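What follows is the residue order along each chain.
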Amino acid sequence: MRIRLSLVFAGAVCVVALLNLSGAEPVPQTPKKPVTDEYQGVKVEDNYQWLEQDDDPAVKAWSDAQNKRTRQYLDKLPDRTAIEKQLTDWYAKTSPSYSGLVSRPGILFALKFQPPKQQQMLVTLGSAEDLKSEKMVLDPNKLDPSGKTAIDWFAPSRDGKYVAMSISQGGSEDGTLRIYETATGKALKDSIAHVQYPTAGGSAAWNADGTGIYYTRFPRKGERPDADLNFYQQIYFHKLGTADSEDTYSIGKDFPRIAEIKLEASRDGKYILATVANGDGGDFAHYLLGPDGNWKQLTQFSDQIKAARIGRDDTLYLLSRADAPRGKILRAPLDKPDLARATVIVPPSEAVIQFMEPTADAIYLGDLLGGPSQIRRFDLDGKGETIVPIPNISAVTEMESLEDNSLLFRDVSYTEPAAWFHLAGNAPPKKTALVNSSPVSFADIEVSREMATSKDGTKVPLNIIRRKGTKLDGNNPTLLYGYGGYGGSMQ
């Protein structure tokens, strides 16, 4: 953390110094308006909390003045025009990229980003190998040519016939849930407001027969004080074709104010899993809605269960950090998901387990090895460990299991753009057609991996990117960047 803060502080001082020498207008004054809040018995005084009110005319005026002064400096830089042109040319040549893949029988849903369009579009594909099969479901850039309307997230029904989308306007991230026919892109009349907001995001999961959907929702006016209308996220159920006023409350009134809920349905839709984050602190609780219509709490925040997934074998898989800082995988039957009786199928190792993706015959783990990624495949009982061959210094960012039990994963490195790979059984992964291309060649660049030693002896991973053939004599200008906050890792 000390390194990260030192680097950021140095950069801030440098920018301020440059601006002060630019001959721009005087620095806009920032009045102090002390406000004292009490957190867990500690009183904290904040002089600038008033700047959080972005709809306050005074805040808008302050922000406009800061932006104007910054532009006066930046626009006068002699190299800016040439750099802008080069970046614009490169950006225009950027290939489409696909993310958020979700598999349904015979169809693959994906978010597609295609510069120069501002927002991602939702498309479907027959497979990751067939780009000609691509069909548009929704292009928010056509809904709003200004580029300020976005798809926050989406959830296809179990058969893929319908897809629910949270759509926000004006860059607000305040999402309204809409339902679309996948084949035609036609919107149904269903509309539910305030299902998504930056304070906690949002999520949805369909029931078994596709007649309704469970979704997150924030309080409506009058349900809670105005200060709480973007907090206290809860889960409701909506029946297709009905007004949202008829939706039924499901669970969540007792969740924390800062709860962040993610929903997942089992492959057959009979179970709904709710992962409840206690804000951004890294603690999670899990709840399961079974065929009997009742929610059961599976884990508490104190249990150190960081993730849960429903397998296709009527099994619940849990990523636990209890007495295992790097993580271990537990397994429990869905009909009796008792944490105390869950069995360890993958014990702790040197790898830090980040996420897991179960199929009908295997469970795949996405590991972190001090920065770069690793994929391991296990039988469902934790036996038969296999390490999947992927580039040495790269990051696996997403996984999605297909209907045939094979796996798609997205990998990116310092010198190769992102690509989706297909992995079937123990065969080596194969690059699919969902591949980014780069307008710039990195053929003359190499990446080496070293370990730096901190003052207390801790080994800190260090990736060095350099031109091939660089003379390593200690005289090369070097840009050092580090980060150490919020449990994040630079991969």
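Fair warning: this is a prediction, and the values are worked out from it, not measured in the lab.

**Structural notes on the side chain of His 238**
Take His 238: it is sitting in strand 13 (residues 234–239). A polar atom in the side chain of His 238 sits 2.6 Å from the side chain of Asp 190.

**Focus on the sheet that holds strand 20 (residues 315–320)**
A sheet is described by the order of its strands in space; here 4 strands give the open sequence 19-20-21-22, paired in antiparallel fashion. Strand pairing shows two members of the sheet lacking a second neighbour, strand 19 (305–310) and strand 22 (343–346), which therefore form its edges. Each strand of the sheet is rotated relative to its neighbour by a mean of 30°, with strand direction disregarded. Relative to strand 20, strand 19 runs antiparallel, the two sharing 5 bridges. Across the sheet, the residue bridging to Ala 307 is Leu 319, located in strand 20.

**Quick look at the sheet that holds strand 23 (residues 352–358)**
If you walk across this open sheet you meet the 4 strands as 23-24-25-26, and the pairing is antiparallel. Looking along the sheet, the strands with just one partner apiece sit at the ends: strand 23 and strand 26 (386–388). Between one strand axis and the next, the sheet turns by 30° as a mean value, whatever way the strands run. Here 6 bridges tie strand 24 (residues 363–368) to strand 25 (residues 373–378), and the two strands are oriented antiparallel to one another. Across the sheet, the residue bridging to Leu 365 is Arg 376, located in strand 25.

**Some remarks on the nonpolar core**
Counting residues in hydrophobic clusters, the biggest one holds 17 residues, and the most contacted among them are Ile 235, Leu 263, Ile 272, Tyr 287 and Trp 295. If you tally residues by element for this core, the top one is strand 15 (residues 259–265), at 4 residues. Discounting chain neighbours no more than four positions away, the residues touching Trp 295 are Ile 235, Ser 250, Ile 251, Ile 272, Ala 274, Tyr 287, Leu 288 and Leu 289.

**Here's the deal with the pairing of strand 1 (residues 35–39)**
Successive residues of a regular strand alternate their side chains across the two faces of the sheet. Pairing of strand 1 with strand 2 (residues 42–46), which is carried by 5 bridges, proceeds in the antiparallel orientation. If you follow Thr 36 over to strand 2, its bridge partner there is Glu 45. Joining the antiparallel neighbours strand 1 and strand 2 is a turn of 2 residues, in which Gln 40 adopts a positive phi near 50°.

**Some details on the pattern of salt bridges**
Side chains bearing opposite charge may pair, as long as their charged atoms lie close to each other. For the structure shown, the criterion picks out 21 salt bridges. Measuring nitrogen to oxygen at the nearest pair gives 3.4 Å for the salt bridge that ties Arg 220 to Asp 244. Placement of Arg 220 in the loop between strand 12 (212–217) and strand 13 and of Asp 244 in the loop between strand 13 and strand 14 (248–251) is noted, with a sequence separation of 24 residues between them. Overall, the relative accessible area of 25% leaves Asp 244 in the partly exposed class. In this structure, Asp 367 engages Arg 376 in a salt bridge whose closest nitrogen and oxygen atoms are separated by 2.5 Å. The exposure classification of Asp 367 matches that of Arg 376, with both residues buried. In the salt-bridge network here, residues are joined through shared partners; they are Arg 71, Asp 75, Arg 80 and Glu 84.

**Topic: the packing of aromatic side chains**
Going through the model one piece at a time under the given rule, you end up with 8 aromatic pairs. Look at Tyr 162 and Trp 206: their rings are 6.3 Å apart centre to centre, the planes differ by 15°, and that puts the pair in the stacked class. Remark: Trp 206 occurs in strand 11 (residues 204–206) and Tyr 162 occurs in strand 8 (residues 162–168); sequence separation between them is 44 residues. Residue Trp 206 is classed as buried on the basis of its relative accessible area, which comes to 1%. Note on Tyr 214 and Phe 237: the rings are 4.7 Å apart at their centroids and 50° apart in plane angle, and the pair reads as tilted. Here the residue Tyr 214 occupies a position in strand 12, and Phe 237 occupies one in strand 13, the gap between them amounting to 23 residues. For the pair shown, Tyr 214 and Phe 237 are each scored as buried. Cluster of aromatic residues (ring-pair linked, three or more members): Tyr 215, Tyr 236 and Tyr 249. When the ring centre of Tyr 232 is taken as origin, the NZ or CZ atom of Arg 224, which lies over that ring, is 3.6 Å away. One residue, Arg 257, lies across the ring of Phe 231, its end atom 3.8 Å from the ring centre.

Conventions and cut-offs
Residues numbered from 1 in each chain as written. Predicted model: local features only at pLDDT ≥ 70, side-chain atom pairs only at ≥ 80, totals over all residues. Heavy atoms only, no water. Helix = DSSP H or I, 4+ residues; strand = E, 2+ residues; numbered from the N terminus. Polar contact = N/O pair within 3.5 Å; in protein donor to acceptor, adjacent residues only side chain to side chain. Pairing = 2+ DSSP bridges. Axes fitted to C-alpha atoms, helices over the stretch in contact; angles between N-to-C directions. Core = buried A, V, L, I, M, F, W, Y, C linked by side-chain atoms within 4.5 Å. Buried < 20%, exposed > 50% of the residue type's maximum accessible area, 1.4 Å probe, protein only. Contact = heavy atoms within 4.5 Å. Salt bridge = Lys/Arg side-chain N within 4 Å of Asp/Glu carboxyl O. Phe/Tyr/Trp six-rings, centres within 6.5 Å; stacked < 30°, edge-to-face > 60°. Lys NZ or Arg CZ within 6 Å of the ring centre and 35° of its normal.

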